[in-house]
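Residue-level structural notes
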Amino acid sequence: MQNINEIEILVKLISKLPGLGSRSAKRIILKMINNREELLKPMVKAINDLYKNVSRCKICGTLKSSAQVCDFKKCSIINKNFNSICVVENIADQWSVEASGIYNGYFHILGGTISSSHKKEELLINSLVERIKVNNIEEVILATSTTTEGQTTAFYIQDALKDLEIKITKLALGIPVGADIESLDDGSLIYAFKNRQNLLKD
Ligand SMILES: [Zn+2]
């Protein structure tokens, strides 16, 4: 391959994306170069718009475009029938739960787990408490992964919510240990929701 700096930089970046290595990166770049007007130009604009306009809400953690308002009451979709919040680690988890059709309520996206790379303050737990109060939430469903970090995070949240008059449930065991919510098939996810366990407070 010729040493063209612009291409090399892009190969390195694309190779960092999930499922793509440098070989696929080069094929993607060639395809775009060969289709400058139909692919490359709109791609540049779309990525630029994505960077400028789309970000995580600092309150509920979900994705929003700059046109959408997200304050305490208007966070996510306002739905008077919603009386529960499902707490997940990542937006991909939210999408999986939504796709399964088992759950109808608000989401709260932590953005990770309590681990060396994520401090507790970054996980939007304070705003979770606020949302529970403001939206008259009756049940919080902890849907973190069954990894040690996911379970530690669930325990930490349970503790943070212990003074609130709400039901706290956790997805049923039966989910393989070490599994991400995102990677579960619909059947397992539906089973886990239907058989969720009530976490008793001390
Ligand atoms: Zn929000």
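Report on the accompanying structure.

Reading guide: rules and limits
Residues numbered from 1 in each chain as written. Predicted model: local features only at pLDDT ≥ 70, side-chain atom pairs only at ≥ 80, totals over all residues. Helix = DSSP H or I, 4+ residues; strand = E, 2+ residues; numbered from the N terminus. Buried ≥ 20, exposed ≤ 12 C-beta atoms within 10 Å, placed from the backbone. Contact = placed C-beta atoms within 7 Å. Axes fitted to C-alpha atoms, helices over the stretch in contact; angles between N-to-C directions. Parallel < 35°, antiparallel > 145°, perpendicular 65-115°, else oblique. Left-handed = near helix turned anticlockwise from the far one by under 90°. Nonpolar A, V, L, I, M, F, W, Y, C, P; charged D, E, K, R; others polar.

On to the overall build of the protein chain. Assigned secondary structure in the protein chain consists of 7 helices and 7 strands. Helices and strands appear in the protein chain in the N-to-C order α-α-α-β-β-β-α-β-α-β-α-β-α-β. Within the protein chain, buried positions represent 24% of all 202 residues. In the protein chain, the proportion of contacts linking residues at least 24 apart, taken out of those at least 6 apart, comes to 58%.

Here the phi dihedral of L124 falls at roughly 60°; this positive angle occurs in a residue that is not glycine. When you line up the elements, L124 lands in the loop between β4 (106–109) and α5 (125–134). For L124, a count of 21 C-beta atoms within 10 Å puts it in the buried group. One non-glycine residue, N136, lies in the positive phi region at around 50°. If you trace the backbone, N136 turns up in the loop between α5 and β5 (139–142).

Two elements in contact, helix α1 (residues 5–15) and helix α2 (residues 22–34), have axes whose closest approach is 8 Å; the angle formed by their N-to-C orientations is 125°. By the angle between their directions, the pair α1 and α2 is classed as oblique. Where α1 crosses over α2, the two elements pack in a sense that is right-handed. Contacts from I7, L10, V11, I14 and S15 in α1 reach S22, A25, K26, I28 and I29 in α2. Residue composition of the contact of α1 with α2, grouped by class: 7 nonpolar, 2 polar and 1 charged.

As far as function goes, none of this settles anything; it's purely spatial.
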